[in-house]
Amino acid sequence: MPTIIFNRPDNRSERVDASAGDSVMQVATTHGVDEIVAECGGNAMCATCHVYVDEGWIARLAPMSEEEDELLHGVAAERLPNSRLSCQIKITPELDGLVVRLPDRQI
Amino acid sequence: MSASGFTPSAGVPHMDIDPFSIEFFEDPHPAHEVLREAGPVVWFDKWKVYGVARHAEVHAVLNDPLTFCSSRGVGLSDFAKEKAWRPQSIILEADPPEHARTRAVLSRVLSPTVMKQLRGSFVAAAESRVEALLAKGSFDAIADLAEAYPLSVFPDALGLKPEGRENLLPYASLVFNSFGPPNQLRQDAIERSAPHQAYVAEQCQRENLAPGGFGDCIHARADAGDITAAEAPLLVRSLLSAGLDTTVNGIGAAVYCLARFPDQWARLRSDPTLARNAFEEAVRFESPVQTFFRTTTRDVEISGSRIGEGEKILMFLAAANRDPRRWDRPDEYDVTRKTSGHVGYGSGIHMCVGQLVARLEGEAVLSALAKRVSAIEITGPATRRFNNTLRGLESLPVSIKAA
């Protein structure tokens, strides 16, 4: 079972066991990681599941779609080069140990 | 059995409920429970259609647009057999792959980036509306707030001319009634529709849309080659159809919830940053858009029930939003609930493209109320407005006091 590590804005860290096939957003919202809002429920529409992917991991993710790139222009917190929408990151066994940092706001 | 057979597959429970009757609309929740508990798929004898009312099945149907198509209409009428009452929508009533192109245009016009630009003016309009209502003291929360506020921001954001806006709500009501069966509500709406249709067709033309508004931005996508010049007015029409009455009923639902549940109102007042979630929870709890249909494109099995090709399936979004299989305390309005996953805006590729506008309007109104108003009291009978698809009130007399 892959483990995902969420680093919160107050530097607390949360390790969560995830199921392959779920998205990082689903893992967060079903494990009380409240910094992920996910208003649209994972339909790539609202830009409220923004995360900063740890530098060491960013290149190992599937590349983002044009739609995700456009939505990231509208995120509430600052967009950085390692910004992604967590609903668009599908968990695979290779992502065991993935580290993401959570922004301080989504809206 | 095919759609022409008028009988469901073996094992699918028969329902003698009419989900488009006034009696049903008066209080749909007990009937929703009956539908949910009867089975994962049900059959309506009166309209010869299947129905799904549990969250899992509603979500599954919404997220398989190739099997459960929209191009044959998202109402009871099957466009493969009957002519649509108006030119077919090129987004709502379209399937992949064609749908992606028109959808991308509206997604861009109504994107999070655009909402950031609108936020200031939408918030200011909500605050001045609430100040004016405080000065009045007593008012109708539907006409004077749930309708007046969206009418004060959305048509301007779209770029509509001031003249003729009184057609907007009747046109939207017509569109949402048209998804229902050929009952009195639908027939009356279509009979009276000619002037509203003429108004809307006219306003969709480029020369009638102010520069920089949503409508003008849609036409600009035609210049860029994303859509044709003939498609642009039809996409503007989608915003005129679905962009106003939905938020009217969403805001009406939220105010009605907060007026009925003082503990939740107190919670919102103690933390006005809950405004956006309080609105979202009202969309789950009341589901302003109650239902939509899909049509099967092949023989398919849903949770063990076999359904033939060419069958209409009625999805009960409202029942899914209170399915105890999915939600704790589903019949409680809770402003702190984690609402992600509700299907009040649908789900999948057809999920409401204007959801960010709706949330911005809802948040702006509830936030202004939470900051400036100490108490909301219902002072007269709340009366219901009946529509084949939309759930909301006709009138909600209230009085408010300044904080």
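Rules used in this analysis
Residues numbered from 1 in each chain as written. Chains lettered and ligands numbered in written order. Predicted model: local features only at pLDDT ≥ 70, side-chain atom pairs only at ≥ 80, totals over all residues. Heavy atoms only, no water. Salt bridge = Lys/Arg side-chain N within 4 Å of Asp/Glu carboxyl O. Buried < 20%, exposed > 50% of the residue type's maximum accessible area, 1.4 Å probe, protein only. Helix = DSSP H or I, 4+ residues; strand = E, 2+ residues; numbered from the N terminus. Core = buried A, V, L, I, M, F, W, Y, C linked by side-chain atoms within 4.5 Å. Contact = heavy atoms within 4.5 Å. Phe/Tyr/Trp six-rings, centres within 6.5 Å; stacked < 30°, edge-to-face > 60°. Lys NZ or Arg CZ within 6 Å of the ring centre and 35° of its normal. Buried area = accessible area lost by both parts, 1.4 Å probe. Polar contact = N/O pair within 3.5 Å; in protein donor to acceptor, adjacent residues only side chain to side chain. Nonpolar A, V, L, I, M, F, W, Y, C, P; charged D, E, K, R; others polar. Pairing = 2+ DSSP bridges. Disulfide = S-S within 2.5 Å. Bend = angle between axes of the 7 residues up to and from the residue. Axes fitted to C-alpha atoms, helices over the stretch in contact; angles between N-to-C directions.

## Things to note about the pattern of salt bridges
When their charged atoms lie close together, side chains carrying opposite charge are able to pair. Per the counting criterion, the structure on display carries 34 salt bridges over all chains. The partner of Glu14 of chain A in a salt bridge is Arg8 of chain A, with the nearest N and O atoms 2.5 Å apart. With relative accessibility at 26%, the residue Glu14 of chain A sits in the partly exposed group. A salt bridge links Arg385 of chain B to Glu147 of chain B; its shortest N-O distance comes to 2.9 Å. Within this pair, whereas Arg385 of chain B is found in strand β11 (residues 383–386), its partner Glu147 of chain B is found in helix α6 (residues 142–158), the two being separated by 238 residues in sequence. Residue Arg385 of chain B is classed as partly exposed on the basis of its relative accessible area of 27%. Here Glu147 of chain B falls in the buried class, since its relative accessible area comes to 13%. Sharing partners across several salt bridges, the network here consists of Glu39 of chain A together with Arg119, Arg276, Glu280, Arg359 and Glu363 of chain B.

## Structural notes on the nonpolar core
In this structure, Tyr149, Leu158, Phe214, Ile218, Leu268, Leu366 and Leu369 of chain B are the most contacted members of the largest nonpolar core, which totals 110 residues. At 10 residues, the largest contribution of residues to this core is made by helix α16 (residues 355–372) of chain B. Excluding residues that lie within four positions of it along the chain, Ile218 of chain B makes contacts with Leu106, Val109, Ile227, Ala232, Leu235, Val236 and Leu239 of chain B. One finds Val16, Ala28, Val33 and Leu61 of chain A within the second-largest nonpolar core, a separate group that totals 30 residues.

## Looking at the packing of aromatic side chains
Residue and element names in this part refer to chain B. All chains considered together, the criterion is met by 10 aromatic pairs over all chains. Geometrically, the ring pair formed by Phe179 and Phe292 is edge-to-face, given 5.3 Å between the ring centres and 70° between the ring planes. On the criterion of sequence distance, the pair formed by Phe179 in the loop between α7 (168–178) and α8 (184–191) and Phe292 in strand β6 (residues 291–296) is long-range, its members being 113 residues apart. Ring geometry for Phe261 versus Tyr333: centroids 6.0 Å apart, planes at 25°, classification stacked. A residue pair is termed long-range when its members are at least 10 positions apart, and Phe261 in the loop between α12 (245–260) and α13 (262–270) and Tyr333 in the loop between α15 (317–320) and α16 qualify at 72 residues. For Phe261, a relative accessible area of 24% corresponds to the partly exposed category. On the accessibility criterion, Tyr333 (4% relative accessible area) is buried. What links up through ring pairs into an aromatic cluster is the set Phe176, Phe179 and Phe292. Taking the ring centre of Phe285 as reference, the NZ or CZ of Arg322 above it sits at 3.9 Å.

## Considerations on the interface of chain A and chain B
On the side of chain B, 21 residues touch chain A, which itself brings 20 residues to the contact. For the pair chain A and chain B, the summed buried area comes to about 1400 Å², and 48% of that belongs to carbon and sulfur atoms. Summed over the three residues of chain A that lose the most area to chain B, namely Glu39, Asn43 and Met45 of chain A, the buried surface amounts to 40% of that side. Our count for the contact surface shared by chain A and chain B stands at four salt bridges. Between Glu39 of chain A and Arg359 of chain B there is a salt bridge whose closest N-O contact spans 3.5 Å. For the pair chain A and chain B, the interface holds eight residue pairs in polar contact (both at pLDDT 80 or more). With three residues, helix α3 (residues 66–72) of chain A is the single largest residue contributor to the side of chain A that touches chain B. Here the side of chain A that touches chain B is built from residues that sort into 11 nonpolar, five polar and four charged.

## Topic: the pairing of strand β3 (residues 49–52) of chain B
All names here are of chain B. The alternating pattern of β3 places Val49 and Gly51 and Tyr50 and Val52 on opposite faces, both of which are buried. In the sheet, strand β2 (residues 42–44) pairs with β3 via three bridges, with the strands oriented antiparallel. Paired with Val42 across the strands is Gly51, a residue of β3. With antiparallel pairing between neighbouring strands as the criterion, β2 and β3 make up a hairpin whose turn holds four residues, including Lys48 at a positive phi of roughly 55°. Looking at chain direction, β3 and strand β9 (residues 312–316) are connected through three bridges and run parallel. Within β9, the position partnered with Tyr50 by the bridge is Ile313.

## As for the environment of Gln290 of chain B
All names here are of chain B. Structurally, Gln290 can be placed in the loop between α14 (275–286) and β6. Classification of Gln290 by relative accessible area gives buried; the value is 10%. A C-alpha to C-alpha distance of 6.2 Å links Gln290 and Phe316, two positions 26 residues apart in sequence. Once you skip the residues sitting within four places of it in the chain, Gln290 turns out to touch Pro28, His32, Met315, Phe316, Leu317, Ala318, Thr389, Leu390 and Arg391.

## Observations concerning the state of the cysteines
Residues and elements named next belong to chain A. Throughout the structure, instances matching the rule amount to zero disulfides over all chains. With no disulfide of its own, Cys49 lies 3.9 Å from the sulfur of Cys87, the closest cysteine sulfur. Note on Cys49: relative accessible area 3%, which makes it buried.

## Brief notes about α6 of chain B
All names here are of chain B. Where α6 bends most, the angle comes to about 35°, and this point is Ala148, followed within four residues by the proline Pro150. Most of α6 sits inside the fold, with 12 of its 17 residues counted as buried. All of the buried residues along α6 are Ile142, Leu145, Ala146, Glu147, Ala148, Tyr149, Pro150, Val153, Phe154, Pro155, Ala157 and Leu158.

## Some details on the sheet that holds strand β3 (residues 50–53) of chain A
Residue and element names in this part refer to chain A. Pairing is mixed across the open sheet formed by five strands, whose spatial order is β2-β1-β5-β3-β4. Because the sheet does not close on itself, it has two edges, and the strands there are β2 (13–17) and β4 (83–85). For this sheet, the mean angle separating the axes of adjacent strands, direction not counted, is 35°. Note that strand β1 (residues 3–7) and strand β5 (residues 98–101) share four bridges and pair parallel. The partner of Ile5 across the bridge, within β5, is Val99.

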